[in-house]
Amino acid sequence: MTAKYGLYGLYVALICFAMILTASGAATLPSGSENPMPIRYPELNKATAPEWVTEGLRATYYMLASTSESEGGINENKDVGSGSTGNGLIQIDVVAMENGMAATYTEAYAPDLYGGMRKVNSYGSVVPAGIGDFWCNPLVLQKIPVKVSDDLMVQRIPFTIEGKDFQAIRFDFKTGTFEMAMVYDLDSGLLFYHTVDYASEGEWNTGVVKNSGNHAKLQLRNLRRLEIPWRDGNLPSWLAQGQTWSYQGQSMQQFQGTQPMISALASKVTVQAVHKKFAEIREDPYSLNGATAIYFNAVCGASRLMGDFVPLNALSVSPRVVDTDPDTGMQISVVRSGEDGLILERTNQVDFKEDFAYDSTGKLSQMEQHYQERSLTANFAGEKVITMQLAG
């Protein structure tokens, strides 16, 4: 039996799997999986990025993902299959290019019941400039020979995307039950297409054998350059490696005719490294009982919208729409600006809105999110509101 729904739970499951595979500092792909290219072709680690890869560039990929499960007992004659499918968009922003490194920030979006797009996950990466999340140095690609082996197949193939024909190179990697494929444009090094397939087998404590798989296909949808008004600004002078600060707040969800459900929220932000153009950030959500096992890596710089901080020149940007994304429908606006701080708003223009408030130093001081909600089991609506404030 197959159930169709947005990418929320499905993508979270896939990205958690990908995060397990991805080592710290390893090159990643739009799926979040570790890219095996710099391991097989180490010359990519010292190569330069293609000329078209610059700060403020955004790549959008359409993602179709699915999971599958089958169960079977010793005395059963047939398996019972179950699984889920979903679709969404993956967007990767180039935040900074510096000293042979590329800092990128990835956000995953899924359609909701109202027809809008909502962010379901995000993470940052710092990788060698020659092998980024959606590109590869074309001079290196062009020298790679065709190959056929048990664990790697390399082919030169024609590839058509958006009605245009290209000469491409395809890589198919296989390790045990894990398979991955990438198709790059030979001329530019742009990643056109990417697949991930993973299967596993385990045994429940009931004696039932369970087989499961995760599958994802991603194809390039758009490539555009963001116009960020404060991209020429410098990092705040107060940023320092090892610096930490915290946020506290709550999540309140309420449907019509019901009592609100309120839960406390908190998170800790740690500056892991400060570079000239960007900073590496770690975000640790935690509860009153202590820190959770989940954490998120992020990168933030002048060429990122809605980050953990903004350069001080952002405080002088006049109120206006800064960016409207044609793929997700997300619109970012400066609501208020001045010497005392800045307020940015992001909305999908359907059923989601969030405000980020920055203080006079450029640090994020408050965040508020509003979601329109609909019950999956009954025909009534509600709202979810998340608020977080700087606690120290």
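Here, the structure is the one placed above.
Not measured: the values here are computed from a predicted model.

Visitor: What am I meant to see in the overall build of the protein here?
Guide: A tally of regular secondary structure across the protein gives three helices and 22 strands. Taken across its 392 residues, the protein has 50% of its residues classed as buried. Once local pairs closer than 6 in sequence are excluded, the contacts in the protein between residues at least 24 apart make up 55%. For the protein, the computed accessible surface area is about 18700 Å², with 51% contributed by carbon and sulfur atoms.

Visitor: Is there a simple way to think about the nonpolar core in this case?
Guide: One broad rule of soluble globular proteins: the nonpolar side chains tend to lie buried together. Grouped together as the largest cluster of nonpolar side chains are 53 residues, with contacts concentrated most on Met 37, Tyr 61, Phe 134, Leu 141, Ile 144, Phe 171 and Tyr 184. Of all hydrophobic cores here, the second largest spans 44 residues; its members include Leu 239, Val 317, Val 322 and Met 367.

Visitor: Is there a simple way to think about empty space enclosed by the protein in this case?
Guide: Over the atoms, a rolling probe the size of a water molecule traces out where space has been left empty. As enumerated under the stated definition, the model contains three cavities of 30 Å³ or more in all. Lining of the largest cavity is provided by 15 residues; of these, Arg 58, Glu 107, Tyr 109, Ile 332 and Arg 346 occupy positions nearest its centre. For the lining of the largest cavity, the elements supplying multiple residues, two or more each, are strand 3 (80-98) and strand 4 (101-111). Among the elements that line the lining of the largest cavity, the one with the most residues is strand 4, at three residues.

Visitor: Can you walk me through the pairing of strand 12 (residues 244-255) in this structure?
Guide: Within a regular strand, side chains alternate between the sheet's two faces. Of the pairings in the sheet, the one linking strand 12 to strand 13 (residues 261-274) comprises ten bridges and is antiparallel in character. Along strand 13, the bridge assignment pairs Gln 248 with Ala 266. Once strand 12 ends, the chain turns through five residues before running back antiparallel as strand 13, passing Gly 257 with a positive phi of about 80°. Sheet topology places strand 12 next to strand 22 (residues 381-390); nine bridges connect them, and they run antiparallel. Across the sheet, residue Gln 254 finds its bridge partner in strand 22, namely Glu 383.

Visitor: Is there a simple way to think about the pattern of salt bridges in this case?
Guide: Any two side chains of opposite charge can pair if their charged atoms end up close together. Within the structure shown, the criterion is met by 18 salt bridges. Linked by salt bridges that have partners in common, Arg 58, Asp 93, Arg 224, Asp 323 and Asp 325 make up one network.

Visitor: It is not clear to me how the environment of Arg 282 should be interpreted in this structure. Could you clarify?
Guide: Here Arg 282 lies in strand 14 (residues 278-287). When its relative accessible area of 26% is taken as the criterion, Arg 282 is described as partly exposed. C-alpha separation for the pair Arg 282 and Val 269, spaced 13 residues apart in sequence, amounts to 5.8 Å. Once residues lying within four places of it in the same chain are set aside, the contact partners of Arg 282 are Lys 268, Val 269, Thr 270, Gln 272, Tyr 295, Phe 296 and Asn 297.

Visitor: Honestly, unusual backbone geometry in this entry has me stumped. Any pointers?
Guide: Residues other than glycine predominantly adopt negative phi, and peptide bonds predominantly adopt the trans conformation. One non-glycine residue, Met 306, lies in the positive phi region at around 60°. Along the chain, Met 306 falls in the loop between strand 16 (296-301) and strand 17 (320-324).

Visitor: Help me understand the pairing of strand 20 (residues 352-358), please; the structure alone is not making it clear to me.
Guide: With six of seven residues buried, strand 20 is to be regarded as a mostly interior element. Relative to strand 20, strand 19 (residues 341-347) runs antiparallel, the two being bridged by six bridges. By the bridge assignment for strand 20, Leu 344 is matched with Phe 356. Counted along the chain from strand 19 to the antiparallel partner strand 20, the turn is four residues long, and its residue Gln 349 has a positive phi close to 65°. With seven bridges joining them, strand 20 and strand 21 (residues 364-374) adopt antiparallel strand pairing. Following the sheet pairing, Phe 352 is matched in strand 21 by Tyr 371. As consecutive antiparallel partners, strand 20 and strand 21 are separated by five residues, and within that stretch Gly 362 has a phi angle of approximately 95°, a positive value.

Reading guide: rules and limits
- Residues numbered from 1 in each chain as written.
- Predicted model: local features only at pLDDT ≥ 70, side-chain atom pairs only at ≥ 80, totals over all residues.
- Heavy atoms only, no water.
- Helix = DSSP H or I, 4+ residues; strand = E, 2+ residues; numbered from the N terminus.
- Buried < 20%, exposed > 50% of the residue type's maximum accessible area, 1.4 Å probe, protein only.
- Contact = heavy atoms within 4.5 Å.
- Areas by Shrake-Rupley, 256 points an atom, 1.4 Å probe, with all protein chains shown as cover.
- Core = buried A, V, L, I, M, F, W, Y, C linked by side-chain atoms within 4.5 Å.
- 1 Å grid on protein atoms, 1.4 Å probe; cavity = no way out; pocket = protein on both sides within 12 Å on 5 of 7 lines; lining within 4 Å.
- Points joined across faces, edges and corners; volume = space filled by probe spheres on them.
- Pairing = 2+ DSSP bridges.
- Salt bridge = Lys/Arg side-chain N within 4 Å of Asp/Glu carboxyl O.

In short, geometric facts, not functional conclusions.
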